[in-house]
Amino acid sequence: METTLIENLPEVGAVGVIIKAVLILAVISAIAGFGTFIERKVLAFMQRRLGPMHVGPYGLLQIAADGIKLFTKEDIIPQNANKFIFMVAPVITAATAFIALSSVPVFPDFTIPSWIPLLGDTFVPSIASDLNIGILFVLGMMAAGLYGPLLAGMSQANKWGIIGAARTAVQFLSYEVVTGLSILAPIMLVGSLSFVEFNNYQAGGISNWLIWQQPLAFVLFLIAGFAETNRTPFDLLEHEAEVVSGYATEYSGMRWGMFFIGEYANMITVSVIASVVFLGGYDVVGVYGWLFIIAKIAFFFFLMLWVRAAWPHVRPDQLMWLCWKVLMPLAVVNVLITAIVMMV
Amino acid sequence: MSLEQFKNRNVGVQSYKTLDVGTPPKTGMEKFTQVVKRSVKGELFVGLGVVMKRMLEALFKNDMHTVKYPFEKMPISPRYRAIHEMLRLLESGNYRCIGCGLCEKICISNCISMETRYDENQRKEVSEYTINFGRCIFCGYCAEVCPELAIVHGQRYETASEQRAGFSLFEDMLTPIDQLNLQQEFDGFGAVSPNADDNIKQTPLAY
């Protein structure tokens, strides 16, 4: 199949990869910014408020106003902070979040129509970089993202920051285990770490989705995903009522904005992984696969906001209890049962 | 009540009622069953359902609680004591104030000052009347003491200003003559109660 592609169609070269990378960066940044607007609106409606209303129609231009504010704010670095690490930590969060997005598939493969100048007839594969270890790479990148909050909290010479950093280490490291183990069972079923293989394995309708074979793994992955992206039931890293703003206490302006964008990019990544690994990816009903995966990603994104409106926080000890005494054993049992079923 | 009851530090054993919250699990097995019950029961989804219902009501039934404050205002009680107003007689359009000076006398923060004189009809007329809102504590005595319902408290509560001393002149507080038909009869602080006529007793002289 590859040979025919190379013969018939111009492959995406280095320039194409760069274009795609820039596109992903721009689109995901924009969606992350728009996500803040959506979050504020959804939370407002769920609490019978109006949310942002005054900048633009229905407050739509609030993102632009917030962006201008973030970009033009003074870059404050505390006196006793470790300046280099303090400055570099937000970049780690944002960079790892975007690098993780480089190897998740969002659209099905497609060919650019020939009437578009310059790029016409170019074959575009679904991922910017189709790694054969895609899932491992994405999970690894999201795990590396823990260095952002960790270093930020430890470098800023602030007690709340230190507590936030400690919680980062505890929470992210613990839930890495659950993420890895929960997604291990689908990996065993599919027999590959490539997202494209996952997508192809579930081709042919809703009944082929992995969520029916691995419901427990799906729930575990979702819970761990909430913890990994620092979303509400588990957002102990920057829980205002307890630790002011946790690791981000001393941050302001664009450095804080990078944490923010990184968090929202991570939310999108987790939504994409959940959609591709468990909900059949982009290959549901023929031509409209791209529409369906966007709907699935949007649903998971909405779920995160929904949960934030509905559920309270957990205590750190409850978090650890949940991770090590409930989720991890369940994940191991799930893997064992899957293995036994596959053997038999 | 004897002293013994005050000395009793053992609170909680008297007439307090405790809520029935069940007994906390003791053994490991009880804890385990509690966790399983709570996990499977789906209580979390009840919470999700509640907020979703709120959102749908907010979106489609317009059931919002937000008041866009500078543009919309909540109605306030007629008893609220805000910036004073000087009312006019509805029939003649003349102001009600008879210059008796009771409000100036009763004002406990000395913020009302007035000067009166006799006009050509030998009727008292107000020549100067100011209220220093930097001193006014909005106690409402002036409105209460006024025999003519001339000075009353209005509904204008946005009184932030750049200076501590903010004087208001008589003409500023007086109902504009072209808005006389809009003048509301004051039924708030210091106003005559609806059953005022029933409370009137005949004086002995009438017998």
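Residues numbered from 1 in each chain as written. Chains lettered and ligands numbered in written order. Predicted model: local features only at pLDDT ≥ 70, side-chain atom pairs only at ≥ 80, totals over all residues. Heavy atoms only, no water.

### Points about the overall build of chain B
Next, step 1: Per the secondary structure count, chain B includes 7 helices and 5 strands.
Next, step 2: Along chain B, from the amino end to the carboxyl end, the secondary structure elements read α-α-α-β-α-β-β-α-β-β-α-α.
Next, step 3: Within the span of chain B, comprising 207 residues, buried residues form 27% of the whole.
Next, step 4: Considering only contacts within chain B whose residues lie at least 6 apart along the sequence, 72% involve residues at least 24 apart.
Next, step 5: By element, 55% of the accessible surface of chain B is carried by carbon and sulfur atoms, the whole surface being about 16,100 Å². (Helix = DSSP H or I, 4+ residues; strand = E, 2+ residues; numbered from the N terminus. Buried < 20%, exposed > 50% of the residue type's maximum accessible area, 1.4 Å probe, protein only. Contact = heavy atoms within 4.5 Å. Areas by Shrake-Rupley, 256 points an atom, 1.4 Å probe, with all protein chains shown as cover.)

### Considerations on the sheet that holds strand β5 (residues 167-169) of chain B
The strands that make up a sheet pair up through hydrogen bonds in the backbone, lying either parallel or antiparallel.
Residue and element names in this part refer to chain B.
Next, step 1: On the basis of which strands lie adjacent, the open sheet formed by 3 strands has the order β2-β3-β5 and antiparallel pairing. Every interior strand has two partners, whereas the edge strands, β2 (112-118) and β5, have only one. For this sheet, the mean inter-axis angle between neighbouring strands, taken without regard to orientation, is 15°. (Pairing = 2+ DSSP bridges. Axes fitted to C-alpha atoms, helices over the stretch in contact; angles between N-to-C directions.)

### Some thoughts on unusual backbone geometry
All names here are of chain B.
Next, step 1: The backbone of Asn62 shows a phi angle near 60°, a positive value even though the residue is not glycine.
Next, step 2: Along the chain, Asn62 turns up in the loop between α3 (43-60) and β1 (84-86).
Next, step 3: In this model, Phe138 sits at a positive phi of 55°, which is unusual for a non-glycine residue.
Next, step 4: Positionally, Phe138 belongs in the loop between β3 (124-132) and α5 (141-145).

### What about the layout of surface pockets?
Next, step 1: A volume near 1,900 Å³ is recorded for the largest pocket.
Next, step 2: If you go around the largest pocket, you meet 42 residues; those closest to its centre are Ile223(A), Leu322(A), Arg38(B), Ser39(B) and Leu44(B).
Next, step 3: Secondary-structure elements contributing two or more residues to the lining of the largest pocket are α10 (215-228), α13 (289-310) and α14 (316-343) of chain A together with α2 (28-41) and α3 of chain B.
Next, step 4: No other element matches the 10 residues that α14(A) contributes to the lining of the largest pocket. (1 Å grid on protein atoms, 1.4 Å probe; cavity = no way out; pocket = protein on both sides within 12 Å on 5 of 7 lines; lining within 4 Å. Points joined across faces, edges and corners; volume = space filled by probe spheres on them.)

### Some points on empty space enclosed by the protein
Next, step 1: Per the stated rule, a full pass over the model turns up 3 cavities of 30 Å³ or more.
Next, step 2: By volume, the largest cavity amounts to about 160 Å³.
Next, step 3: Contributing to the lining of the largest cavity are 17 residues, with Thr93(A), Pro149(A), Phe172(A), Glu228(A) and Asn266(A) lying nearest its centre.
Next, step 4: Of all the secondary-structure elements, those providing two or more residues to the lining of the largest cavity are α4 (83-101), α5 (134-144) and α12 (253-278) of chain A.
Next, step 5: Take the lining of the largest cavity: its biggest share by element is 4 residues, from α12(A).
Next, step 6: Considering only residue class, the lining of the largest cavity consists of 8 nonpolar, 7 polar and 2 charged.
Next, step 7: Its volume calculated, the second largest cavity comes out at about 100 Å³.
Next, step 8: Around the second largest cavity, the lining comprises 16 residues; the ones closest to its centre are Cys97(B), Cys100(B), Cys103(B), Cys146(B) and Ile151(B).
Next, step 9: Along the lines of polarity and charge, the residues of the lining of the second largest cavity split into 13 nonpolar, 2 polar and 1 charged. (Nonpolar A, V, L, I, M, F, W, Y, C, P; charged D, E, K, R; others polar.)

### Here we look at the confidence of the model for chain B
Do not read the predicted coordinates in detail wherever pLDDT is low.
Residues and elements named next belong to chain B.
Next, step 1: Confidence in the prediction of chain B, expressed as mean pLDDT, is 81, and 87% of residues score 70 or more.
Next, step 2: Across chain B, helix α4 (residues 102-106) holds the top mean pLDDT of 92, while helix α1 (residues 3-7) sits lowest at 65.
Next, step 3: For this predicted complex, the interface score ipTM comes out at 0.75, alongside a pTM of 0.76. (pLDDT = per-residue confidence, 0-100.)

### Some words on the domain arrangement of chain B
Next, step 1: Annotation of chain B at the domain level lists domain 1 (28-60) and domain 2 (84-191).
Next, step 2: Using only C-alpha atoms to locate each centre, domain 1 of chain B and domain 2 of chain B end up separated by 59 Å. (Domains from an automatic or database assignment.)

### Notes on the pattern of salt bridges
Residues and elements named next belong to chain A.
Next, step 1: Scanning the model with the defined rule gives 12 salt bridges over all chains in all.
Next, step 2: Residue Asp75 is joined to Arg255 by a salt bridge in which the shortest nitrogen-to-oxygen separation is 3.0 Å. Residue Asp75 is located in the loop between α3 (62-72) and α4, and its partner Arg255 is located in helix α12; the two are separated by 180 residues in the primary sequence.
Next, step 3: Members of the salt-bridge network, linked through shared partners, are Glu39, Arg231, Glu263 and Arg308. (Salt bridge = Lys/Arg side-chain N within 4 Å of Asp/Glu carboxyl O.)

### Description of the packing of aromatic side chains
Next, step 1: A full pass over the atoms with the stated rule returns 17 aromatic pairs over all chains.
Next, step 2: Consider the rings of Phe302(A) and Trp306(A), whose centres lie 5.7 Å apart with planes at 35°: the pair is tilted. Taken together, the residues span about one helical turn, with Phe302(A) and Trp306(A) both in helix α13 at a distance of 4 residues. We note that Phe302(A), like Trp306(A), is buried.
Next, step 3: Put simply, the rings of Phe218(A), Phe221(A), Phe278(A), Phe299(A) and Phe300(A) touch in pairs and so form one group of aromatic residues.
Next, step 4: Over the ring of Tyr264(A) we find Arg231(A), and its NZ or CZ is 6.0 Å from the ring centre.
Next, step 5: A cation over an aromatic ring shows up here: Lys73(B) above the ring of Tyr157(B), its NZ or CZ 6.0 Å from the ring centre. (Phe/Tyr/Trp six-rings, centres within 6.5 Å; stacked < 30°, edge-to-face > 60°. Lys NZ or Arg CZ within 6 Å of the ring centre and 35° of its normal.)

### Here we look at the pairing of β3(B)
Residues and elements named next belong to chain B.
Next, step 1: Summarising the sheet, β2 and β3 pair through 7 bridges and their orientation is antiparallel. The residue of β3 that forms the bridge with Met114 is Tyr129.
Next, step 2: Hairpin connection between β2 and β3: a loop of 5 residues separates the two successive antiparallel strands, and Gln122 in this loop has a positive phi of roughly 55°.
Next, step 3: As paired elements, β3 and β5 share 3 bridges and run antiparallel to each other. Bridging from a neighbouring strand, Ile131 pairs with Ser168 of β5.

### Quick notes on the nonpolar core
Next, step 1: In terms of nonpolar packing, the biggest core is built from 75 residues, with Tyr175(A), Phe195(A) and Ile273(A) touching the most fellow members.
Next, step 2: Excluding anything up to four places from it in sequence, Ile273(A) contacts Val104(A), Val138(A), Met142(A), Ile183(A), Phe195(A), Phe221(A) and Phe278(A).
Next, step 3: Core analysis: the second largest hydrophobic core is formed by 21 residues, Met86(B), Cys103(B), Cys111(B) and Val126(B) among them. (Core = buried A, V, L, I, M, F, W, Y, C linked by side-chain atoms within 4.5 Å.)

### Some points on the interface of chain B and chain A
Next, step 1: Each partner contributes to the interface: chain B provides 16 residues, whereas chain A provides 14 residues.
Next, step 2: With both chains or domains summed, chain B and chain A bury close to 1,600 Å², and 79% of this area falls on carbon and sulfur atoms.
Next, step 3: On the chain B side of the interface with chain A, the three residues burying the most area are Leu48(B), Val51(B) and Met55(B), jointly 31% of the side's total.
Next, step 4: Summed over the shared surface of chain B and chain A, the result is 1 salt bridge.
Next, step 5: Across the pair Asp63(B) and Arg48(A) runs a salt bridge whose closest N-O atoms are separated by 3.3 Å.
Next, step 6: For the pair chain B and chain A, the interface holds 5 residue pairs in polar contact (both at pLDDT 80 or more).
Next, step 7: With 9 residues, the single largest contributor to the side of chain B that touches chain A is α3(B).
Next, step 8: Tallied by class, residues from the side of chain B that touches chain A come to 10 nonpolar, 3 polar and 3 charged. (Buried area = accessible area lost by both parts, 1.4 Å probe. Polar contact = N/O pair within 3.5 Å; in protein donor to acceptor, adjacent residues only side chain to side chain.)

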